Amino acid sequence: MTEARINECHRAVTKFLVKGLHPFATVDASAFREMIKTLNPKYYAPNRESLTNHLIPAWYGVEKSNLITELKHVTHAAITADGWTSFSQDHYLTVTLHYVREGQSKEKVLQTRAVYKAQTGIAVAEEIEGILEEFRVKEKVVAATVDNAANMDVAVKTKYHQVYMFCAHT
């Protein structure tokens, strides 16, 4: 197989995992390897380590770059921000951007980020602000929806004075 064909197959495997929300360990499963070997005996699928350290980060970089390019054309957007805790008591923040592009309503999860600081309103506001700046949309946000936690209320009200509408959900 040519290197170009191997890379094309690696991208297809990565797309299958990412878009299908499959666990990375899928590529190490014997049934998956058997299927790949049946489809193309000359192709060796990447292992979990290669996915984790090379293919998924490369995929993310391309997707993020494409999204930032698309968002250059957006003038107004809304966010939803949700703080949540995993079963192992780790804290996370997810920020989703909602916007209209070429007459179509769109939503993109910008990031789910582990939050290691105290969960104060100011700390959450800084996390949200960092995500919005990373995607170059901070100044475009005109509405926000957050959960009804007091820290989320403080986060939006203290940092986003340009937000015209603020909603909380339960």
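In what follows, the structure referred to is the one given above.
For the structure given in this document, a descriptive report is provided here.

Quick notes on the rules
Residues numbered from 1 in each chain as written. Predicted model: local features only at pLDDT ≥ 70, side-chain atom pairs only at ≥ 80, totals over all residues. Heavy atoms only, no water. Helix = DSSP H or I, 4+ residues; strand = E, 2+ residues; numbered from the N terminus. Rg over C-alpha atoms; globule rule 2.2 N^0.38 Å. Buried < 20%, exposed > 50% of the residue type's maximum accessible area, 1.4 Å probe, protein only. Contact = heavy atoms within 4.5 Å. Areas by Shrake-Rupley, 256 points an atom, 1.4 Å probe, with all protein chains shown as cover. Lys, Arg positive; Asp, Glu negative; His and termini not counted. Charge placed at Lys NZ, Arg CZ, Asp CG, Glu CD. Phe/Tyr/Trp six-rings, centres within 6.5 Å; stacked < 30°, edge-to-face > 60°. Lys NZ or Arg CZ within 6 Å of the ring centre and 35° of its normal. Salt bridge = Lys/Arg side-chain N within 4 Å of Asp/Glu carboxyl O. Polar contact = N/O pair within 3.5 Å; in protein donor to acceptor, adjacent residues only side chain to side chain.

From N to C terminus, the protein chain includes 5 helices and 5 strands. Counting from the amino terminus, helix and strand elements in the protein chain follow one another as α-α-α-β-β-β-α-β-α-β. Here the protein chain has a C-alpha radius of gyration of 20 Å; the compact-globule value for 170 residues is 15 Å, and the former is much larger. Taken across its 170 residues, the protein chain has 35% of its residues classed as buried. Within the protein chain, counting contacts between residues at least 6 apart in sequence, those at least 24 apart form 46% of the total. Accessible surface computed for the protein chain: about 10500 Å², of which carbon and sulfur atoms make up 56%. In the protein chain, which carries 20 positive and 19 negative side-chain charges, the distance between the mean positions of the two groups comes to 6 Å.

Glancing now at the packing of aromatic side chains. If you walk through the whole model with that rule in mind, you get 2 aromatic pairs. For the ring pair F16 and F32, a centre distance of 6.3 Å and an interplane angle of 25° mean the geometry is stacked. Linking F16 in helix 1 (residues 3-19) with F32 in helix 2 (residues 30-39), this pair joins segments that are 16 residues apart in sequence. Its guanidinium or amino end placed over the ring of F135, K64 lies 5.3 Å from that ring's centre, counting from NZ or CZ.

Our focus in this paragraph is the environment of I122. With respect to the helices and strands, I122 occurs in helix 4 (residues 121-134). The residues touching I122, leaving out its near neighbours within four places in the chain, are V154 and T158.

Attention now goes to the pattern of salt bridges. Oppositely charged side chains can form a pair if their charged atoms are brought close together. One pass over the structure, following the stated rule, counts 9 salt bridges. E134 serves as the salt-bridge partner of R113, at 3.3 Å between the closest nitrogen and oxygen. Taken together, the residues R113 in strand 3 (residues 104-114) and E134 in helix 4 connect sequence positions 21 residues apart. Between K138 and E133 there is a salt bridge, and its shortest N-O distance comes to 3.7 Å. With a relative accessible area of 43%, E133 lands in the partly exposed category. One salt-bridge network, held together by shared partners, links K64, R113, E127 and E134.

Another point: the side chain of Q111. In this fold, Q111 is placed in strand 3. Within polar-contact distance, the side chain of Q111 engages the side chain of R113 at 2.8 Å. Dropping the residues within four chain positions of it, Q111 is found in contact with Y60, L93, T94, V95, I131 and E134.

By themselves, these are just geometric observations and shouldn't be taken as functional.
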